[in-house]
Each structure stands twice: as structure tokens, then as C-alpha cells.
Amino acid sequence: MAKIKLLSAFGLSEKASIVAILIVLSALMGVGMTADLIAGDDRQWIGLILLAGSFGTYLFFNYRSRNLTFKPLPVDRSKKYLISIIPSNIDLLNSLKKFYPNLQKIYFIHDNFSNDKVDKVKEEIKKDETFYSQAKYLKVKSTQEPQNIISSFEDILEEFKENSIENRDILIEVTSGQTLTSLTLYYLSTQYKIEIAYLVSKYDKNNNVIKDSATATTIKFDATIKV
């Protein structure tokens with residue numbers, strides 16, 4: 001590990017040959033001697049300033065890259081159709097309706113397990129089937145199997161296609177559900193180029209959610225790895 005870190009400091013990998021190392025060292029020596037020639041005997045203190053400036057710049061950008069200020073991107077509130085895992089409680093269901101007021105229809109995916117809170121949500125959904133999706137789009141054997149979610153998602157998109165609904169009118173919401181379901185929906189959003197969002201809440205000192213602090217936020221970032 002020490003060898004790897006040392007070579008990395010010179011811009012080399014652990015697989016660098018002896019010749020490559022000697023060439024890099026020669027180049028560094030050449031840079032140093034050239035700097036001495038330019039500075040002269042009475043201006044060598046300039047090297048300390050340049051070194052301090054370079055190191056300070058490195059520390060600044062390294063610190064800044066690890067401590068970026070989070071600036072949530074607001075969700076396009078004109079979306080007409082929403083796809084999500086079924087909420088775990090009535091309050092979350094109402095929050096989704098509140099933050100996306102222009103929705104014409106919501107498509108919830110859920111599995112067959114029995115849960116009192118989720119059952120109440122299902123009952124609420126049945127009260128307004130003109131707003132919520134029909135049952136054939138709701139039920140899968142298990143949302144913990146990504147392929148089930150993908151299959152339901154593709155069924156929903158097929159209906160959108162038949163009704164000439166464009167992707168710009170669709171929103172995927174990942175606040176509901178568990179980590180695996182959110183990852184699956186995020187994957188689908190990238191594949192079909194559909195906007196994806198979630199509700200971000202603020203927390204108090206005891207790490208409890210502050211009531212009515214949630215905001216609808218777009219998930220959008222560049223995950224490109226630069227080599």
C-alpha cells in the first residue's frame with residue numbers, strides 16, 4: 001500500500017516500470033533546477049510561495065468537492081401521471097397528492113402482504129378509481145423481486161403508449177417503498193428517460209421528521225466517473 005501511495009504521488013501506478021520511474025524523477029529534477037535558474041540566488045523564496053499556493057488550492061478544491069451545498073431541484077408540478085410503490089400510510093398518500101396537484105392519475109404498485117396501515121391505503125384508493133390506477137396495475141407477488149416491478153412498469157407504459165401519453169407528462173416517485181424498490185424505479189427512470197422525484201423532509205435535533213417540512217425534489221445528478 002505504501003508503494004502504491006508513493007507512486008501515485010508521482011503520477012504513476014504500482015505497475016510502472018523502473019524506466020518510467022527514472023524518467024519521472026529526471027523530469028522533476030529538471031523542473032526544480034529550471035526553477036532555481038529562473039529565480040536566481042536572491043529570489044528562491046518565491047518557490048515557497050508557489051508551493052504554498054499550489055497546496056492551498058488543492059486543499060480548497062478537495063474540501064469543497066466533499067462539502068457541496070445541497071440545492072434541491074424543484075419538481076415540475078405540471079406532471080399528469082405518477083408511478084410509485086404504494087405508500088405505507090394515509091399521511092404519505094395525502095402528501096403525494098398535495099405535492100403534485102396537477103396529476104390526472106396515480107399508478108401504485110404493491111404486493112400481496114397484509115398490513116393494517118397499507119390496507120387502509122388500499123381502501124382509500126378504492127374510493128376513487130378514476131384518480132388511482134385500476135387494480136390490474138397494482139398487484140404483484142412481491143415488490144422485493146425487481147423483475148415484478150419492471151413488468152408492472154412496462155404494463156403501465158404500454159397503456160400510456162396506447163393513449164399517446166408522452167414521457168414528459170410522467171413522474172416516477174420513490175419516497176414510498178424500500179431501498180430495493182427505489183433502486184429499481186431509479187433504474188427504470190434512466191432507461192426510459194422519465195423524471196424521478198422524492199419528498200425530502202427536515203429533521204429536528206432528535207432526528208425526528210419535522211411536520212410539514214417535506215419538499216418535492218427532483219433526483220438528478222451526473223454519476224460519470226472521470227479517470
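Since the structure is predicted, the reported quantities are computational estimates derived from the model, not experimental observations.

Caption draft 1: View of the overall build of the protein chain. The helix and strand inventory of the protein chain stands at seven helices and six strands. Scanning the protein chain from its N terminus toward the C terminus, one meets helices and strands in the order α-α-α-β-β-α-β-α-α-β-α-β-β. By the burial criterion, 30% of the 227 residues in the protein chain qualify as buried. The long-range share in the protein chain, meaning contacts at least 24 apart out of those at least 6 apart in sequence, stands at 66%. Here the protein chain displays about 16,000 Å² of accessible surface, and carbon together with sulfur accounts for 57% of that area.

Caption draft 2: Structural context of the pairing of strand S6 (residues 215-218). The pairing of strand S1 (residues 73-74) with S6 spans two bridges and is antiparallel. Considered in S6, the bridge of Leu73 is made with Thr218. Sheet topology places strand S5 (residues 195-200) next to S6; four bridges connect them, and they run antiparallel. Residue pairing across strands places Leu199 opposite Ala216, the latter belonging to S6.

Caption draft 3: Structural detail: the packing of aromatic side chains. The full count for this structure, using the stated rule, is five aromatic pairs. For the ring pair Tyr81 and Phe160, a centre distance of 5.3 Å and an interplane angle of 50° mean the geometry is tilted. Residue Tyr81 is found in strand S2 (residues 81-85), and its partner Phe160 is found in helix H6 (residues 146-162); the two are separated by 79 residues along the sequence. Of the two residues, Tyr81 and Phe160, both sit in the buried class. Seen in terms of ring centroids, Phe153 and Tyr192 are 5.6 Å apart; in terms of plane orientation they differ by 45°. Their pairing is tilted. Here Phe153, found in helix H6, pairs with Tyr192, found in helix H7 (residues 179-192); they are 39 residues apart in sequence, far enough to count as distant. Judged by its relative accessible area of 0%, Phe153 is buried.

Caption draft 4: Just H6, in detail. If you check H6, its first and last C-alpha atoms are 25 Å apart, about what 17 residues at 1.5 Å a residue would give, namely 24 Å. Buried within H6 are the following residues: Ile149, Ile150, Ser152, Phe153, Ile156, Leu157, Glu159 and Phe160. Once H6 ends, the next one or two residues include Ser164, with phi positive near 55°.

Caption draft 5: Layout of the nonpolar core. Tyr100, Ile106, Phe108, Ile125, Tyr132 and Leu199 are the most contacted members of the largest nonpolar core, which totals 22 residues. Secondary-structure elements contributing two or more residues to this core are helix H4 (90-99), strand S3 (105-109), helix H5 (116-126) and S5. Of all the elements, H4 adds the most residues to this core, at four residues. Beyond its immediate sequence surroundings of up to four residues, Tyr100 is in contact with Val75, Leu82, Leu171, Glu173, Ala197, Leu199 and Ala216. If you look at the next biggest cluster of nonpolar residues, it comprises 21 residues, including Ile149, Val174, Ile194 and Ile196.

Caption draft 6: Summary view of the side chain of Glu173. Inspection of the secondary structure assignment puts Glu173 in strand S4 (residues 170-173). A distance of 2.8 Å separates the side chain of Glu173 from the backbone nitrogen of Thr175, its partner in a polar contact. For Glu173, the contacting residues outside a window of four places in its chain are Leu82, Ile83, Ser84, Ile85, Leu96, Tyr100, Leu185, Ala197, Tyr198 and Leu199.

What counts, and where the lines are drawn
- Counting restarts for each chain, with residues numbered from 1 along the sequence as it is written.
- Thresholds applied to this predicted model are a pLDDT of at least 70 for local features of residues and 80 or more for the giving and counting of side-chain atom pairs; totals over whole chains, interfaces and linings are not thresholded and use all residues.
- Only hydrogens and water are set aside; all other atoms, that is, all heavy atoms of the structure, feed into the side-chain values.
- In DSSP terms, a helix is any run of H or I states spanning at least four residues, a strand is any run of E spanning at least two, and both are numbered starting from the N terminus.
- Buried, partly exposed and exposed residues are distinguished by accessible area as a fraction of the type maximum, computed with a 1.4 Å probe on protein chains only: under 20%, between the cut-offs, and over 50%, respectively.
- Note on definitions: a residue-residue contact is assigned when non-hydrogen atoms from the two residues lie within 4.5 Å.
- For accessible areas, the Shrake-Rupley method is used with a probe of radius 1.4 Å. Any residue's cover is judged against the shown protein chains and nothing else.
- The pairing criterion for strands is at least two bridges between them, as found by DSSP.
- Side-chain rings of Phe, Tyr and Trp (the six-membered ring for Trp) are treated as a pair once their centres are within 6.5 Å; stacked means planes under 30 degrees apart, edge-to-face means over 60, and tilted covers the remaining angles.
- For a helix, the expected span equals 1.5 Å multiplied by the number of residues minus one.
- Buried residues of nine kinds, namely Ala, Val, Leu, Ile, Met, Phe, Trp, Tyr and Cys, make up a nonpolar core once their side-chain atoms join them within 4.5 Å.
- Whenever a nitrogen or oxygen atom comes within 3.5 Å of another N or O atom, the pair is scored as a polar contact, on the condition that within protein one atom can donate a hydrogen and the other can accept it, and that pairs from neighbouring residues in sequence are kept only if both atoms are in side chains.

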